[in-house]
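Report on the structure
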Amino acid sequence: RSELVESVIRRLGLSKCADTVIGDAKTRGLSGGEKKRLSIACEMIARPQMIMADEPTSGLDAFGAQQVVGALKDLAREGNTVIMSIHQPRSSIFEMIDDICLLSEGRMIYCGAREDVLPYFQKLGHECPAHFNPAEFLADLVAVDHTSKETERESMERIDVLVAACRAANAAPATPGGDMLQGGAKQSASCSGHVAEPGCSLQRQIVLLLGRSWKQIRRDKATLVSRASSQLSSAVVFSAIYWKLGMKQSDIQSRLGLIQVSCIGTAMTSLIKTLNVFPRERTIVQRERGRAAYPVVSYFASKLAAELPIGALFPAIFGAVVYPCTGLAPDARKFVNFLGILVAESFAAQALGLTVGAVAPSTSAALAIGPAVMLVSIVFGGLFVNVDGVPRPLRWIPKTSLIKHAFEGACINELTGLEFDCGADGAARQRIKTGEEVLRDLGAGNDTVRDTMINQGRVILAWWWASYRLLVRARPSYVDLRPPPSPVTA
């Protein structure tokens, strides 16, 4: 396979830029012509039976265009069907073409062998001048001149005559394009029902896709640094606001506020990152699935395997800074539980982002839908609305709230066993002695950290399952190739 890749790189003249990143609007990479040749190379790797190239030479210089069409010609010699649309190619490229289909305003002017096209039009009174590029002559012949009404009328009259001649020629027993059309019909019929299969095992697919995902993550250093800086800065800000919380009555509200903003911040960071990346990545996956490169299960398994360690790292960084600085319960087990709760919530938010990204038509749409869905989760997160007060028809919503499960788990982890100072601190309200009283007021008095983690796991699995099913249902679909109807003879 490595030899095949190197061969394709050499044939398309990509050796010079083989170690260059592709690039995008923000990152400098390949030129426009190199990107076009690369897109053709990606298709050639799969050795497809048919390649349809839409203007593969546009934006290329004469030499680059010659290389691209030469590579496509080699594929055709190997028994593959290559169909391309092209406008005014150079004469050397025109000579590489086997069959031509000329269209004007959507109507067929000629369909047949390339070597027969000039004699065909010569019989109709349109002779190509000597030393003139045949491709340019044909392009001028079928073009409509909209300079004025008079020139447009003359062009349309000429094209009407050519269309009528083409229809008459195709209806005859032997036509320049007749053999090609019938041959194409036979080939389409013989290929009907063929389903391509991946070229390696499921395990090998996962390994290759996992390697590609890790390479993408390592290369995107700017995003990694930005996420780490964001988590550290948020941790520093929260630590400064909630520095060394004590056991006063006012510190109860501060503890609940710290836990809530920590849960919301962790979830939103993971969600937005996924929404920014996944819709664009989904487009590439759908194209590769169209080539039967791999099934959804291979991609999804490798995606999770690559993303989960990163999804665990950044919440852990945030929690490791916030927990000691804010004076939360000084217990090693509770510290580990706190990190685990944040990591699990990050996984749930990432799973939600995958689901939204799988259903949203674009990145901008995903960024509009995702926060709206998360807002519902925040409202039913356990602090703003007590679960016991939720109307019965809506009581299923808190069960799906990833914020609620994280908030309750962190509160149970923090408040269990705490005793607060009931001395006068200026608050004219009933004194709360223990953390268990706070948990009862929140409606979480009968739960444990383990219960909330199990519930969060169910939310993660539900969103993963929804993402997987949406990707499976969004598989590319194509129109079946069918032979044209046989001409009716009197």
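Residues numbered from 1 in each chain as written. Predicted model: local features only at pLDDT ≥ 70, side-chain atom pairs only at ≥ 80, totals over all residues. Heavy atoms only, no water.

Residues Met-50, Met-52 and Ile-83 make up a contiguous nonpolar surface patch of roughly 300 Å² in combined accessible area. Its place among the elements puts Met-52 in strand S1 (residues 50–54). (Patch = residues over 30% accessible without salt bridge, like charges linked within 9 Å, V, L, I, M, F, W, Y side chains within 5 Å. Areas by Shrake-Rupley, 256 points an atom, 1.4 Å probe, with all protein chains shown as cover. Salt bridge = Lys/Arg side-chain N within 4 Å of Asp/Glu carboxyl O. Helix = DSSP H or I, 4+ residues; strand = E, 2+ residues; numbered from the N terminus.)

The terminal C-alpha atoms of helix H7 (residues 149–171), which comprises 23 residues, lie 33 Å apart, in line with the 33 Å expected from a rise of 1.5 Å per residue. All of the buried residues in H7 are Ser-155, Ile-159, Leu-162, Val-163, Ala-165, Cys-166 and Ala-169. On its buried side, H7 packs onto strand S3 (99–104), strand S4 (107–113), helix H5 (117–123) and helix H6 (134–142). (Expected span 1.5 Å × (residues − 1). Buried < 20%, exposed > 50% of the residue type's maximum accessible area, 1.4 Å probe, protein only. Contact = heavy atoms within 4.5 Å.)

The next point concerns the packing of aromatic side chains. Following the criterion strictly, the structure yields seven aromatic pairs and no others. Ring geometry for Tyr-120 versus Phe-121: centroids 5.1 Å apart, planes at 75°, classification edge-to-face. Owing to a relative accessible area of 11%, Tyr-120 belongs among the buried residues under this scheme. Their ring planes at 50° and their centres at 5.3 Å tell us that Tyr-323 and Phe-338 sit as a pair that is tilted. One end of the pair, Tyr-323, is in helix H12 (residues 296–325); the other, Phe-338, is in helix H13 (residues 332–359), with 15 residues separating them in the sequence. Here the aromatic cluster, defined as three or more aromatic residues joined through ring pairs, consists of Tyr-110, Tyr-120 and Phe-121. (Phe/Tyr/Trp six-rings, centres within 6.5 Å; stacked < 30°, edge-to-face > 60°.)

To continue, consider a negative patch on the surface. Where like charges cluster on the molecular surface, the negative patch consists of Glu-105, Asp-145, Glu-152 and Glu-154. Relative to the helices and strands, Asp-145 is located in the loop between H6 and H7. On the basis of relative accessible area, Asp-145 is assigned to the partly exposed category, the value being 32%. (Lys, Arg positive; Asp, Glu negative; His and termini not counted. Charge placed at Lys NZ, Arg CZ, Asp CG, Glu CD.)

Taken as a whole and judged by the stated rule, the model has 12 salt bridges. Close ionic contact of Arg-153 with Glu-150 constitutes a salt bridge, the shortest N to O distance being 2.4 Å. Separated by three residues within a single helix, Arg-153 and Glu-150 lie in helix H7, roughly one turn from each other. Among the residues examined, Arg-153 registers a relative accessible area of 38% and is labelled partly exposed. In this structure Glu-150 comes out as partly exposed when scored by relative accessible area, which is 40%. For Lys-303, the salt bridge is made with Glu-307, and the minimal N-O distance between the two is 3.4 Å. In this pair, Lys-303 and Glu-307 are both assigned in helix H12, four residues apart and thus about one turn of the helix distant. Of the two residues, Lys-303 and Glu-307, neither departs from the other in class, the shared state being buried. Because the salt bridges share partners, they merge into one network encompassing Lys-273, Glu-281, Lys-303 and Glu-307.

The next subject is the pairing of strand S2 (residues 81–85). Here S1 runs beside S2; their pairing, made up of five bridges, is parallel. Pairing of Met-52 across the sheet is with Ile-83, part of S2. The handedness of the S1 to S2 crossover, carried by helix H3 (residues 62–77), is right-handed. (Pairing = 2+ DSSP bridges. Right-handed = clockwise from strand over helix to strand, strands pointing away.)

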